[in-house]
Amino acid sequence: MTDLSARRADFPILAQPSNGHRLVFLDSAASAQKPSVVINAMDEFLRTSYANVHRGAYRLSLAATEAYEQARHRVAQFIGSGSPRQVAFTRGTTSSLNSVAFGWGLRRLPPGGRILVTMMEHHANIVPWHMVASLTGAEVVWAPLDGGGELDLGGTLDLIDERVKIVAVTGMSNVLGTIPDLKAIADAAHSIGARVVVDGAQLIAHRPVDVETMGADFFAFSSHKLLGPTGIGVLWGRDEALEELEPFEGGGEMISDVTLDGATWAPIPHRFEAGTPPITEAVGLTAAIDYLDDIGMDAVASHDRTITAYALERLAGTRGVEIQGPTDPDKRGGAISFTMGDIHPHDLATILDEQGVAVRAGHHCAKPLMRALGVPATARASFSVYNGTDDVDALIAGLGTAAKLFGVG
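Throughout what follows, the structure given in this document is the object of discussion.

Reading the values: the criteria
Residues numbered from 1 in each chain as written. Predicted model: local features only at pLDDT ≥ 70, side-chain atom pairs only at ≥ 80, totals over all residues. Heavy atoms only, no water. Buried < 20%, exposed > 50% of the residue type's maximum accessible area, 1.4 Å probe, protein only. Helix = DSSP H or I, 4+ residues; strand = E, 2+ residues; numbered from the N terminus. Pairing = 2+ DSSP bridges. Axes fitted to C-alpha atoms, helices over the stretch in contact; angles between N-to-C directions. Parallel < 35°, antiparallel > 145°, perpendicular 65-115°, else oblique. Left-handed = near helix turned anticlockwise from the far one by under 90°. Contact = heavy atoms within 4.5 Å. Salt bridge = Lys/Arg side-chain N within 4 Å of Asp/Glu carboxyl O. Core = buried A, V, L, I, M, F, W, Y, C linked by side-chain atoms within 4.5 Å.

## Details of the pairing of strand β17 (residues 378–382)
- Of all five residues in β17, five are buried, a share of seventy percent or more.
- Alternating residues of β17 divide into Thr378, Arg380 and Ser382 and Ala379 and Ala381, and every residue in both groups is buried.
- Note: strand β16 (residues 360–362) against β17, three bridges, orientation antiparallel. The residue bridging Arg360 from the neighbouring strand is Arg380, located in β17.

## Describing the packing of helix α13 (residues 345–354) against helix α15 (residues 389–406)
- Taken N-terminus to C-terminus, the directions of α13 and α15 make an angle of 120°; their axes are 9 Å apart at the nearest point. When the axes of α13 and α15 are compared, the pair comes out oblique. Regarding α13 and α15, the two cross each other, and that crossing is right-handed. Between α13 and α15, the residues in contact are Asp347, Leu348, Ile351 and Leu352 and Leu395, Gly398, Leu399, Thr401, Ala402, Leu405 and Phe406, respectively.

## Considering the pattern of salt bridges
- The tally for this structure, following the rule as stated, stands at 26 salt bridges.
- We note a salt bridge from Lys331 to Glu150, for which the minimum N-O separation is 3.6 Å. You can see Lys331 sitting in the loop between β13 (321–324) and β14 (335–340) and its partner Glu150 sitting in the loop between β6 (139–143) and α6 (153–159), a full 181 residues away along the chain.
- When its relative accessible area of 37% is taken as the criterion, Lys331 is described as partly exposed.
- Between Arg314 and Asp393 there is a salt bridge, with the nearest N and O atoms lying 2.6 Å from each other. Highlighted residues: Arg314 in helix α12 (residues 297–316) and Asp393 in helix α15, separated in sequence by 79 residues.

## Observations regarding the environment of Val321
- By the secondary structure assignment, Val321 is in strand β13.
- On the basis of relative accessibility, which here comes to 14%, the residue Val321 falls in the buried class.
- For the pair formed by Val321 and Ser384, sequence separation is 63 residues and the distance between their alpha carbons is 22 Å.
- Val321 has contacts with Leu315, Phe338, Thr339, Met340 and Leu399, leaving out every residue within four places of it along the chain.

## Details of the environment of Asn40
- Mapped onto the secondary structure, Asn40 falls in helix α2 (residues 36–48).
- Along the primary structure Asn40 and Ala287 are separated by 247 residues, whereas in three dimensions their C-alpha atoms are 9.1 Å apart.

## A word on the nonpolar core
- Grouped together as the largest cluster of nonpolar side chains are 72 residues, with contacts concentrated most on Val75, Ile79, Phe89, Phe219, Leu227 and Leu292.
- For this core, the element with the highest residue contribution is helix α11 (residues 279–295), accounting for 10 residues.
- Not counting residues up to four positions away in its chain, the partners in contact with Leu292 are Phe78, Leu226, Leu227, Met297, Val300 and Val385.
- Membership of the second largest hydrophobic core comes to 28 residues, among which are Leu26, Phe338, Val359 and Ala402.

## A word on the sheet that holds strand β9 (residues 218–222)
- Strand order in this open sheet of seven strands is β4-β10-β9-β8-β7-β5-β6, and the pairing throughout is mixed. Sheet topology places β4 (87–90) and β6 at the edges, where each strand pairs with a single neighbour. Going across the sheet, the axis of each strand differs from the next one's by a mean of 20°, ignoring polarity.
- As judged from the five bridges shared by strand β7 (residues 164–170) and strand β8 (residues 195–199), these two strands associate in the parallel manner. When the bridges of β8 are listed, Ala168 appears paired with Val197.
- Of the strands in this sheet, β4, β9 and β10 (233–237) are in contact with helix α3 (residues 59–79), which crosses β4 at around 115°.
- Strands in contact with helix α7 (residues 182–191) are β7 and β8; relative to β7, the strand with the most contacts, it is inclined by about 170°.

## Observations regarding the sheet that holds β14
- Pairing is antiparallel in the open sheet, where four strands are placed in the order β13-β14-β17-β16. The open sheet has two edge strands, β13 and β16, and neither has a second partner. Strand-to-strand twist across the sheet, computed as the mean angle between neighbouring axes with direction ignored, equals 30°.
- Judged from the four bridges that link them, β13 and β14 form a sheet pairing that is antiparallel. Its bridge partner being in β14, Val321 is matched across the sheet by Met340.
- Its contacts with the sheet put α15 on β13, β14 and β17, and the angle it makes with β14 is roughly 15°.

Quick look at the structure:
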């Protein structure tokens, strides 16, 4: 990667102080900051090229349609998809996962069929399955964790039998940073005819992704964790899996024909994109992907491992801190949850904010995991391409301030 100061200069928000200190942004797992190229691309499109897409016969609409479809091509290239046809745009990861739950699960899960969900899933990959289970008579079963915050792979594989119809698994935990063995899970699921849906919201920002070799049938992620704008996400699917998927929403754009008696659907992927799509946001996503490709996702992953390893070492040496998740940086990505003595994570985050350090605090939309860990909440520091070891040092210094205020240690 280039010099860190030059990289940070690409992100205008990092130039502003926070409570009289340099802004240390450690909440990219919730939403990453945006480089100027993304901001400028969206601004330029809105100023000079905006129109609705697909059916306009005039110059602006044709140009906007080209930009929107180019975004689909860029996403396909970025994630290793064999065809842009496999890429559908949604409102975000949550919308993508709901599309699978209601477009596939609602129609294909039999009474008594099992939905295997890992204990470390975000609510977006839990709640839709609870909803669908209640409507179909299917059953949600839970894949366990081991004592070190990793997925118990043996225990998970033991649960994959003929009763399981779909496996819902994160690509990287937003709480533990854990990166499970997706290929082993997918191979086991496919051996008994089950589908696999991966929540890739965190993984996509930290590691190179190749959906063709991953083994998943569906892969979901959001632009805004990938340095792009909010309001747009991706649902990728294998051709045969997408053919099984019914549209989750009905309306304009997604139809081939509508009669008084019914409707027929547009070809894949457009049948999954009801209504006016996120056109400007697609332009921003393209710019974000171009930016990351210029860095190189292998370089992004190397940077992530380096800063995660440094943060784990510094946090482990801080009195009162208990880290959740694997301690091996090769088994996790750059999202580290922790507690500090008896300090409530919200109090801890408030004290850190006074030092200019922005971290997340709460249950991180993972309440089943929090109960399994035996904690009501954690603080979480998460990293992106603009973070360095000096940001970790600022975090440790802020924790020292909190320790003195609360008498920890």
